[in-house]
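Chains, contacts and geometry: an overview
So the chains spell out like this:
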Amino acid sequence: CLIYMPMIPQAIYAMLACARLGVIHSVVFGGFAPHELAIRIDDCKPKAVITASHGVEIERVIPYKPFVDKAIQEAAYQPEHVIVFQRENGPSSAPKTYDIDYNKLVDKATKVVPVALKSTHPSYILYTSGTTGTPKGIIRDTGGYATALKFSMKNVYGVNEGETYWAASDVGWVVGHSYIVYAPLINRNTTILFEGKPIKTPDASTFWRVISEHQVNVMFTAPTAIRAIKKDDPNGGFIKKYDISSLRYQFLAGERCDAATLKWTQQHLNIPVIDHWWQTESGWPMLANMTGVELLPVPSGSAGKPVC
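Cut-off values and rules
- Residues numbered from 1 in each chain as written.
- Predicted model: local features only at pLDDT ≥ 70, side-chain atom pairs only at ≥ 80, totals over all residues.
- Heavy atoms only, no water.
- Patch = residues over 30% accessible without salt bridge, like charges linked within 9 Å, V, L, I, M, F, W, Y side chains within 5 Å.
- Areas by Shrake-Rupley, 256 points an atom, 1.4 Å probe, with all protein chains shown as cover.
- Salt bridge = Lys/Arg side-chain N within 4 Å of Asp/Glu carboxyl O.
- Helix = DSSP H or I, 4+ residues; strand = E, 2+ residues; numbered from the N terminus.
- Pairing = 2+ DSSP bridges.
- Buried < 20%, exposed > 50% of the residue type's maximum accessible area, 1.4 Å probe, protein only.
- 1 Å grid on protein atoms, 1.4 Å probe; cavity = no way out; pocket = protein on both sides within 12 Å on 5 of 7 lines; lining within 4 Å.
- Points joined across faces, edges and corners; volume = space filled by probe spheres on them.
- Nonpolar A, V, L, I, M, F, W, Y, C, P; charged D, E, K, R; others polar.

**Focus on a nonpolar patch on the surface**
Together, Leu-21, Val-23, Val-112, Val-115 and Leu-117 make up an exposed nonpolar region whose accessible area comes to about 370 Å². Inspection of the secondary structure puts Leu-117 in the loop between α4 (102–107) and β8 (124–127).

Below, the structure is given as structure tokens:
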């Protein structure tokens, strides 16, 4: 099953439903155009595609369903069904013969017991961005992956059961799979799902507002997001407007964290700011300051020590 969704709860429901049924899912980042989507359809050959009518990015509407239709038109392989979640106030597209309405499907659905599978059974396929050639489809297993994620929540991120964890990423990337969906839920944490940007939604205070409103204990975002906030709010004025005392650690990953960004974040948050390193192919951190084991000094330019 291929999932091409904006950052809405139905995206997580779709992932968890696939996991419950033992269906391999492949989530494609919503920022990809129809051609990129077609490449992934031809490679993983999904029986069904789950999508939404549209996504919202600041003031721009992203037409998810029309993109899916174009991708299927281009692809050599043809999925049997497209399950469409129609959001409010969105553009409507001409229905296709393969369309199934998400809400109608859920309304008539019956509860099923989880399907037991071997721990080595694939849980999902996640494609790399393809910046260095044809996208690679990384196949992740089930049992080992779940074990590693549980371990990492406690030992790398230092998150206790019952706390709130926010990975400000997208379910189309490995961070979204590992640390928006599976790891927090396995570790019995509240997870934050956020459709928006760190700036202009409505301003550069967005992250601090969400942390304050939901009492986030540990956050994970990209240095790029911090740089965007820093550009709009260089003196950190917005941070002072909110009570973010619940925040214990700020993790950064996605690309190298430059010294200026690290220093600015440390200065204004006044908590440990931890750069760490991993990639789609690994699924969880390979280099990190393992806060749940021992919080080490944070030297600028270092992603930490090897994760056991």
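**What about the sheet that holds strand β12 (residues 218–221)?**
Strand order in the open sheet formed by five strands is β11-β10-β12-β13-β14, with parallel pairing between adjacent strands. This sheet does not close on itself; its edge strands, each paired only once, are β11 (190–191) and β14 (273–275). Relative to β11, strand β10 (residues 164–167) is paired through two bridges, and the arrangement is parallel. Paired with Tyr-165 across the bridge in β11 is Thr-191.

**Describing the pattern of salt bridges**
Summed over the entire model, instances satisfying the criterion amount to 14 salt bridges. Across the pair Arg-40 and Glu-36 runs a salt bridge, and its minimum N-O distance is 3.2 Å. Remark: Glu-36 and Arg-40 occur in helix α2 (residues 34–44); sequence separation between them is four residues, near one turn of the helix. For Arg-40, a relative accessible area of 1% gives the class buried. Judged by relative accessible area, which is 25%, Glu-36 ranks as partly exposed. Here Lys-136 makes a salt bridge to Glu-281, at a shortest N to O gap of 3.6 Å. Taken together, the residues span a long stretch of sequence, with Lys-136 in the loop between β8 and β9 (137–140) and Glu-281 in the loop between β14 and β15 (287–288) at a distance of 145 residues. Relative accessible area serves as the criterion here: at 39%, Lys-136 is assigned to the partly exposed category. Residues joined by salt bridges that share partners form a network here, namely Lys-150, Lys-154, Glu-161 and Arg-188.

**Observations concerning the layout of surface pockets**
Within this model, the largest pocket holds a volume of roughly 1,200 Å³. Within this model, the second largest pocket holds a volume of roughly 750 Å³. Elements with a minimum of two residues in the lining of the second largest pocket: α1 (9–21), β3 (48–52), β6 (81–85) and α4. In terms of residue count, the dominant contributor to the lining of the second largest pocket is α1 (six residues). Its residues assigned to classes, the lining of the second largest pocket shows 15 nonpolar, two polar and three charged.

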